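Structural overview for review
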Amino acid sequence: MSSVQVRYIVNDVDAAIAFYTEHLAFHEDMHPAPTFAMLSRGDLRLVLSAPGGPNSGGGSTLADGRTPEPGGWNRFAVQVEDLDDVASQLRRAGVWFRSEVIEGVGGRQAIIEDPSGNPIELFQPIRPEARLSEP
Amino acid sequence: MAEPLDALRLPVVPVEPRQSFAAELLRRIQRAGPDARDSATVRYFTHDLDRAEAFYRRLGFEVELRSSPGFAMMYRGDLRLLLSTPASHALVDGTLPEPGGWNRISLRVDDFDEVVERLREDGVGFRSDPSAGVGVRLAVIEDPAGNPVELFEPQAGYHERTGGATS
């Protein structure tokens, strides 16, 4: 059961489903409408909403007229055991990298983008306390 | 000659109870349980870690680490929230990350109206007022840096994947 939920705004829900299932091993839980899908990966549930759809819930245009859009810098992280290996696989598959590998305090990371330009952090822990209990 | 039972004959020395130690131990044991392998990580950017920490504490997060001036790690259930300052994550070309955007964590609350009312009383900014989504009621609030946080409460028709493999 997924107990952590993250919502990403995507322009093309079908393209996003393909990206997350093919490259990052997400499972498609449901896709009940063209503007919405629910995916999961371990304990992370990722809900995808297209902006501005009618009655689209999380992607709805606000009362003041602002419409949600993809992008930004906030992101979820996917833990990997060998960042270099994963990164080269994704590059070969044509995935866009927003950043090169960044050496951080608790780990190394690289940021990729989904087809709508949303960031995903690939994270390889190098200190035990930064590690999730299991990948 | 020492025998195992000798230990029972040693004088009993009173030990000061250390509640913080016990609490920490309990937390570690619980976190190392079957659910621990499933925790998920999200990173948010913020300019002021102290204000962010106070805000997320209000939503039920606990501080796990403040290991540098530019970083905090907080937990709420299985969600690990990393708070970073932009300067600590500059890209090679100098681009700095910034708070904001629309992608967000979505926190389930089972007393939605009460939580919304309390947050309003506390002066928390609402990006979107409570509304009905598909199978949920939801609202989007903003942390002090302007990052969105979605609060939702399941309604009729709410779906959640149950059991089975989670790969």
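Values in this document were obtained by computation on a predicted structure and should not be read as measured data.

Digging into helix H1 (residues 13–24) of chain A
Residue and element names in this part refer to chain A.
- The end-to-end C-alpha distance of H1 is 16 Å, a good match for the 16 Å that twelve residues give at a rise of 1.5 Å each.
- Buried residues of H1: Val-13, Ala-16, Ile-17, Phe-19, Tyr-20 and Leu-24, and no others. The buried residues of H1 occupy an angular sector of 165 degrees when the element is viewed end-on, so they sit on one face.
- Taking the backbone nitrogen of Asp-14 as reference, a side-chain oxygen 3.1 Å away marks Asp-12 as the first, capping residue of H1.
- Downstream of H1 by a residue or two, Ala-25 has a phi angle that is positive, lying close to 65 degrees.

Considerations on helix H3 (residues 49–58) of chain B
All names here are of chain B.
- Those residues of H3 that sit buried are Leu-49, Ala-52, Glu-53, Phe-55 and Tyr-56. Along H3, the residues classed as buried sweep out an arc of 165 degrees about the axis, all on the same side. For H3, the exposed residues lying more than 90 degrees away from the buried face are Asp-50 and Arg-51.
- Of the residues that open H3, the one with a side-chain oxygen 3.1 Å from the backbone nitrogen of Asp-50 is Asp-48.
- Gly-60 sits one or two residues past H3 and shows a positive phi near 95 degrees.

A closer look at the confidence of the model for chain B
- Here chain B averages 84 in pLDDT, while 82% of its residues score no lower than 70.
- We note a pTM of 0.82 for the whole complex and an ipTM of 0.89 for its interfaces.

A closer look at the confidence of the model for chain A
- Mean pLDDT for chain A: 89, with 90% of residues reaching 70 or above.
- Ranking the elements of chain A by mean pLDDT puts strand S7 (residues 102–103) of chain A last with 85 and H1 of chain A first with 97.

Side note on the nonpolar core
- In terms of nonpolar packing, the biggest core is built from 56 residues, with Tyr-20 and Phe-76 of chain A together with Tyr-56 of chain B touching the most fellow members.
- Considering each element in turn, this core owes the most residues, six residues, to H1 of chain A.
- Among all residues touching Tyr-56 of chain B, those that are not within four sequence positions of it are Tyr-44, Phe-61, Met-74, Leu-81, Leu-83, Ile-105, Asp-143, Asn-147 and Val-149 of chain B.

A few points about unusual backbone geometry
- Of note in the backbone geometry, Ala-25 of chain A takes a positive phi value of approximately 65 degrees without being a glycine.
- Position of Ala-25 of chain A relative to the elements: it lies in the loop between H1 and strand S2 (27–33).

With respect to the sheet that holds strand S7 (residues 136–142) of chain B
- Strands sit in the order S2(A)-S3(A)-S4(A)-S1(A)-S5(B)-S8(B)-S7(B)-S6(B) across an open sheet of eight strands; the sheet is mixed. Only two strands of the sheet have a single partner each, and these edge strands are S2 of chain A together with strand S6 (125–132) of chain B. Mean inter-strand twist for the sheet, computed between neighbouring axes without regard to direction, equals 20 degrees.
- As judged from the four bridges shared by S2 of chain A and strand S3 (residues 36–41) of chain A, these two strands associate in the antiparallel manner. The residue bridging Met-30 of chain A from the neighbouring strand is Met-38 of chain A, located in S3 of chain A.
- Together, S6, S7 and strand S8 (148–154) of chain B form the strand contacts of helix H4 (residues 112–121) of chain B, whose direction differs from that of S6 of chain B by roughly 160 degrees.

Thoughts on the packing of aromatic side chains
- Applying the stated criterion across every chain, the model contains nine aromatic pairs over all chains.
- Arranged with centres 6.4 Å apart and planes meeting at 75 degrees, the rings of Tyr-44 of chain B and Tyr-56 of chain B form a pair that is edge-to-face. Of this pair, Tyr-44 of chain B sits in strand S1 (residues 40–45) while Tyr-56 of chain B sits in helix H3; the two residues are twelve residues apart in sequence, bridging distant segments of the chain.
- One aromatic cluster is present, built from ring pairs that chain together Tyr-8, Phe-19, Tyr-20, Phe-26 and Phe-76 of chain A.
- Stacked on the ring of Phe-126 of chain B, the Lys or Arg Arg-120 of chain B has its end atom at 4.2 Å from the ring centre.

Considerations on the interface of chain B and chain A
- Every contact between the two is made by 44 residues of chain B and, on the other side, 48 residues of chain A.
- Contact between chain B and chain A buries roughly 4000 Å² in total, counting both sides, with carbon and sulfur atoms accounting for 53%.
- For Glu-121 of chain A, the salt bridge identified is with Arg-43 of chain B, shortest N-O distance 2.7 Å.
- Connecting chain B to chain A are 15 residue pairs in polar contact (both at pLDDT 80 or more).

Regarding the pairing of strand S9 (residues 119–125) of chain A
Residues and elements named next belong to chain A.
- Burial runs high along S9: seven of the seven residues are buried.
- Bridging between strand S5 (residues 75–79) and S9 involves three bridges; their strand directions are parallel. Residue pairing across strands places Val-78 opposite Leu-122, the latter belonging to S9.
- Two strands pair when backbone bridges link them, and strand S8 (residues 107–113) and S9 are joined in this way by seven bridges, in the antiparallel orientation. Opposite Ala-110, over in S9, you have Leu-122 as the bridge partner.
- Counted along the chain from S8 to the antiparallel partner S9, the turn is five residues long, and its residue Gly-117 has a positive phi close to 90 degrees.

Structural notes on the side chain of Arg-104 of chain B
- Within the secondary structure, Arg-104 of chain B is located in strand S5 (residues 104–108).
- Judged by relative accessible area, Arg-104 of chain B falls into the buried class, the value being 3%.
- Here Glu-150 of chain B takes part through its side chain, which lies 2.8 Å from a polar atom of the side chain of Arg-104 of chain B.
- Excluding residues within four positions of it along the chain, Arg-104 of chain B makes contact with Gln-5, Val-6, Arg-7, Ile-9 and Gly-58 of chain A together with Tyr-44, Val-140, Pro-148, Val-149 and Glu-150 of chain B.

Rules of the game
Residues numbered from 1 in each chain as written. Chains lettered and ligands numbered in written order. Predicted model: local features only at pLDDT ≥ 70, side-chain atom pairs only at ≥ 80, totals over all residues. Heavy atoms only, no water. Helix = DSSP H or I, 4+ residues; strand = E, 2+ residues; numbered from the N terminus. Expected span 1.5 Å × (residues − 1). Buried < 20%, exposed > 50% of the residue type's maximum accessible area, 1.4 Å probe, protein only. Arc of directions from axis to C-beta. Polar contact = N/O pair within 3.5 Å; in protein donor to acceptor, adjacent residues only side chain to side chain. pLDDT = per-residue confidence, 0-100. Core = buried A, V, L, I, M, F, W, Y, C linked by side-chain atoms within 4.5 Å. Contact = heavy atoms within 4.5 Å. Pairing = 2+ DSSP bridges. Axes fitted to C-alpha atoms, helices over the stretch in contact; angles between N-to-C directions. Phe/Tyr/Trp six-rings, centres within 6.5 Å; stacked < 30°, edge-to-face > 60°. Lys NZ or Arg CZ within 6 Å of the ring centre and 35° of its normal. Buried area = accessible area lost by both parts, 1.4 Å probe. Salt bridge = Lys/Arg side-chain N within 4 Å of Asp/Glu carboxyl O.

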